[in-house]
Amino acid sequence: KAGRHGAQENNPSNLDYALPTDGPSMSDMMTKYDEAIEDLATYTKRNFGLMPDWIRLWPTALQKRQAFFYGEVMCNGDHTPISAELKRLMARVSAIAKGHTYLSAVEGFMAYHTSTDKPLAVEKVRHCFTVATGKKSPQGLFSNREEAALKFAWLSAQVPLKTPNRFIQPAVSLYTG
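Keep in mind it's a predicted model, so treat the numbers as computed, not measured.

Draft legend 1. Examining the overall build of the protein chain more closely. For the protein chain, the count of helices and strands is nine helices and two strands. Moving toward the C terminus, one meets the helices and strands of the protein chain in the order β-α-α-α-α-α-α-α-α-β-α. Expressed as a percentage of contacts within the protein chain between residues at least 6 apart in sequence, the contacts between residues at least 24 apart total 54%. In the structure as shown, the protein chain presents an accessible area of about 11,500 Å², 57% of it carried by carbon and sulfur atoms.

Draft legend 2. Layout of helix H8 (residues 144–156). With 13 residues, H8 should cover 18 Å at 1.5 Å per step; its first-to-last C-alpha distance of 18 Å lies within 8% of that length. Those residues of H8 not exposed but buried are Glu-146, Ala-148, Ala-149, Leu-150, Ala-153 and Leu-155.

Draft legend 3. Just the environment of Ala-121, in detail. Within the element layout of this structure, Ala-121 appears in helix H7 (residues 118–132). Overall, Ala-121 belongs to the buried group, its relative accessible area being 0%. With 20 residues separating them along the chain, Ala-121 and Leu-141 place their C-alpha atoms 9.4 Å apart. The contact partners of Ala-121, leaving out residues within four places of it in the chain, are Glu-85, Tyr-112 and Ser-115.

Draft legend 4. Focus on the pattern of salt bridges. Here the structure, examined in full by the defined rule, presents five salt bridges. The residue Arg-56 makes a salt bridge to Asp-53 at a minimum N-O spacing of 3.0 Å. Taken together, the residues Arg-56 and Asp-53, both in helix H3 (residues 53–57) and three residues apart, mark about one turn of the helix. We classify Arg-56 as partly exposed; its relative accessible area is 48%. Classification of Asp-53 as partly exposed rests on a relative accessible area of 34%.

Reading guide: rules and limits
- Residues numbered from 1 in each chain as written.
- Predicted model: local features only at pLDDT ≥ 70, side-chain atom pairs only at ≥ 80, totals over all residues.
- Heavy atoms only, no water.
- Helix = DSSP H or I, 4+ residues; strand = E, 2+ residues; numbered from the N terminus.
- Contact = heavy atoms within 4.5 Å.
- Areas by Shrake-Rupley, 256 points an atom, 1.4 Å probe, with all protein chains shown as cover.
- Expected span 1.5 Å × (residues − 1).
- Buried < 20%, exposed > 50% of the residue type's maximum accessible area, 1.4 Å probe, protein only.
- Salt bridge = Lys/Arg side-chain N within 4 Å of Asp/Glu carboxyl O.

Coordinates in, geometry out; function isn't part of it.
Written out as C-alpha cells, the structure is:
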C-alpha cells in the first residue's frame with residue numbers, strides 16, 4: 001500500500017491477538033536462546049566478522065540474546081530469500097541515509113565478510129548507496145532484484161515514513177509472486 005509503511009490502516013496492539021496456550025514457555029525460549037551461543041566473541045567473529053559496538057553496549061546478561069536475534073535476522077538461513085550480503089548492503093544504505101557513519105562502515109565490512117566473492121563485494125559496498133539513490137553503477141554489478149532492494153532500503157530510511165507507490169512497486173513486484 002502506498003503511503004505509510006504498512007498493510008492496514010490501524011496498528012493492532014498485542015492485546016488484539018489471543019494469547020498462545022501451547023508451545024514453550026517464555027522461560028524455556030529464553031533458556032534456549034541463552035544456550036544457543038556458547039562463546040559470544042567466537043559467535044560474533046564467525047557470523048559478523050567482528051563484535052559490533054552496539055552488542056557491547058547491551059547489559060551483559062542480554063548480549064548473547066541480542067547477538068542471537070541479530071544473527072537470525074541478518075545472517076543467511078533457510079528462512080529468508082535475501083542473502084546476508086544484500087541485507088548488510090541494505091543496512092549500509094539505510095545507515096548512510098541517516099548519517100550513521102560507524103554503522104555504515106560496520107555494515108559494509110559485514111557485507112564483505114558474508115560474501116563469497118570478495119573482490120565483487122568490495123565494489124558492491126562501494127556502489128550500493130549510489131544505486132540506491134537511482135544513479136547507475138558499473139554494468140552487471142547488481143541484479144534487478146538487488147537494485148530494487150537497495151532503493152527500497154534508501155526510501156525506507158527517509159523521514160517522514162511516506163513512500164509513493166510508484167517507488168515501492170518495483171521491489172514489491174520483484175519479491176512477490
